[in-house]
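Structure at a glance
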Amino acid sequence: MIWSRRKFMTIFGLTAMAAQLSPVAEFNHYSTLIIRPPRLKVGDTVGLINPAAFSYPEEVNPIQKILYELGLKVKLGAHIFDRYGYLGGQDIDRAADVNAMFADSSVQAIFTVQGGWGCNRILPMIDYQLIRNNPKIIMGFSDITSLLLAIYAKSKIVTFHGPVGISNWSPFTLNYVKQILFNKNLITLQNPIQTRVKTITPGKSRGKLVGGNLSVLAATIGSNYLPDWQNSILFVEEIGEEVYRIDRMLTQLKLAGILSKISGFIFGNCIKCEAEKPEESLTLEQVLLDHIKPLNIPAWYGSAIGHIQDIFTLPIGTEVEIDATNGTIKLLTPTVI
């Protein structure tokens, strides 16, 4: 079951929403203290949780099998099969699973089973100091965007925008999961050969890689759960949003002062984002050109990010260099230790 971002945000609406040093901390190029979590190793245990929508047992079985094939063990969150309407249980219980997995010394990484809607509701209940004192890999995308950004902003830990349990774990997707989470290599991420990117503004730029689902990001503006955007490389993706809604959300980012601070922009894929009346609509390309071209920063769209089969695993908070002509993302610092 793949939940539509538009479905949840239309029907159910949105909730407007000097730490202790760690031995694994380091100063990045921007003099911001960033913590890299330990890398995954064969034999490690991955905790599975549902901080947003609910899952059926049959939706969890495939990711368990994939993790076992990677030589990993699995521990299920205490409330992973809870249900409260469209949510994966009560807010306090979903938050408790997040906190418990970070506190559990037997768990080395945390994967989310699916997105949907619900992470914004639990952000005030997350123990960010606990997380900072117990840095671990946490990965997901779509609605998980707000949890990843909040942990990065509050705990200064690198988080990972990558597949959720119900994603299509294609060879391309799995390859980047292994390269990013299991290794410390400084790789360059590049689209599948058959998928071309479209340059908005050519050039190269460096910055902190930050982003996620566009509607979730827009819905979190005004809260204190977002990071500093200065000199960041912003990436966004979306599903089930008409072009005028993409326009509205990018306008919101502009009015909030986010677009004026970034040093690079990457638009992933927008699935099922066609205008209901194309003859009366701008195209997605026109909207991106209207908002991004005037920024005069390296930018492109069509990156392997989003609700698609082949996706990158992107380390949020890591310094990267982007090439908008070739559509590549080069890691400048290791993402794990």
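A brief structural summary.

Let us look at the sheet that holds strand β7 (residues 159–161). In a beta sheet, neighbouring strands are held together by backbone hydrogen bonds and run either parallel or antiparallel to one another. Read across the sheet, six strands follow the order β4-β3-β5-β6-β7-β14 without closing on themselves; strand pairing throughout is mixed. Unpaired on one side and paired on the other, β4 (73–76) and β14 (314–316) mark the two borders of the sheet. Taken pair by pair, the neighbouring strands of this sheet meet at an average axis angle of 25°, ignoring direction. By the bridge criterion, three bridges tie β7 to β14 in an arrangement that is antiparallel. The partner of histidine 161 across the bridge, within β14, is leucine 314. Strands in contact with helix α2 (residues 57–69) are β3 (45–49), β4 and β5 (109–112); relative to β4, the strand with the most contacts, it is inclined by about 150°. Strand contacts of helix α7 (residues 171–181): β5, β6 (137–140) and β7, with the helix running at about 160° to β6, the strand carrying the most contacts.

The next thing to look at is the pattern of salt bridges. Pairs can form between side chains of opposite charge whenever their charged atoms are close. The final tally for this structure, using the stated rule, is six salt bridges. Notably, a salt bridge pairs aspartate 44 with lysine 41, separated by 3.7 Å at the nearest N-O pair. Given a relative accessible area of 8%, aspartate 44 falls into the buried group. A salt bridge links glutamate 321 to arginine 206; the nearest nitrogen and oxygen atoms lie 3.1 Å apart. With glutamate 321 in strand β15 (residues 319–323) and arginine 206 in strand β10 (residues 204–213), this pair connects stretches of sequence that are 115 residues apart. Its relative accessible area of 47% is what places arginine 206 among the partly exposed residues.

Another point: the side chain of threonine 173. Within the fold, threonine 173 resides in helix α7. Within polar-contact distance, the side chain of threonine 173 engages the backbone oxygen of glutamine 309 at 3.0 Å. Setting aside anything within four residues of it in sequence, one finds threonine 173 in contact with Pro163, Asn168, Gln309, Asp310 and Ile311.

A few words now on the pairing of strand β11 (residues 232–239). Counting buried positions over the eight residues of β11 gives eight, a clear majority of the element. Pairing of β10 with β11 involves six bridges; the strand directions are parallel. Counted as the bridge partner of asparagine 213 is glutamate 237 from β11. Across six bridges, β11 lies against strand β12 (residues 264–271) in parallel orientation. Across the sheet, the residue bridging to valine 236 is phenylalanine 267, located in β12. Crossover handedness for the path β11 to helix α9 (residues 243–255) to β12: right-handed.

Positive phi values are uncommon outside glycine, yet serine 142 reaches one of about 65°. Positionally, serine 142 belongs in the loop between β6 and α6 (145–155). We classify serine 142 as buried; its relative accessible area is 4%. Of note in the backbone geometry, lysine 272 takes a positive phi value of approximately 55° without being a glycine. Within the secondary structure, lysine 272 sits in the loop between β12 and α10 (284–292). For lysine 272, a relative accessible area of 64% translates into the label exposed.

Conventions adopted
- Residues numbered from 1 in each chain as written.
- Predicted model: local features only at pLDDT ≥ 70, side-chain atom pairs only at ≥ 80, totals over all residues.
- Heavy atoms only, no water.
- Pairing = 2+ DSSP bridges.
- Helix = DSSP H or I, 4+ residues; strand = E, 2+ residues; numbered from the N terminus.
- Axes fitted to C-alpha atoms, helices over the stretch in contact; angles between N-to-C directions.
- Contact = heavy atoms within 4.5 Å.
- Salt bridge = Lys/Arg side-chain N within 4 Å of Asp/Glu carboxyl O.
- Buried < 20%, exposed > 50% of the residue type's maximum accessible area, 1.4 Å probe, protein only.
- Polar contact = N/O pair within 3.5 Å; in protein donor to acceptor, adjacent residues only side chain to side chain.
- Right-handed = clockwise from strand over helix to strand, strands pointing away.

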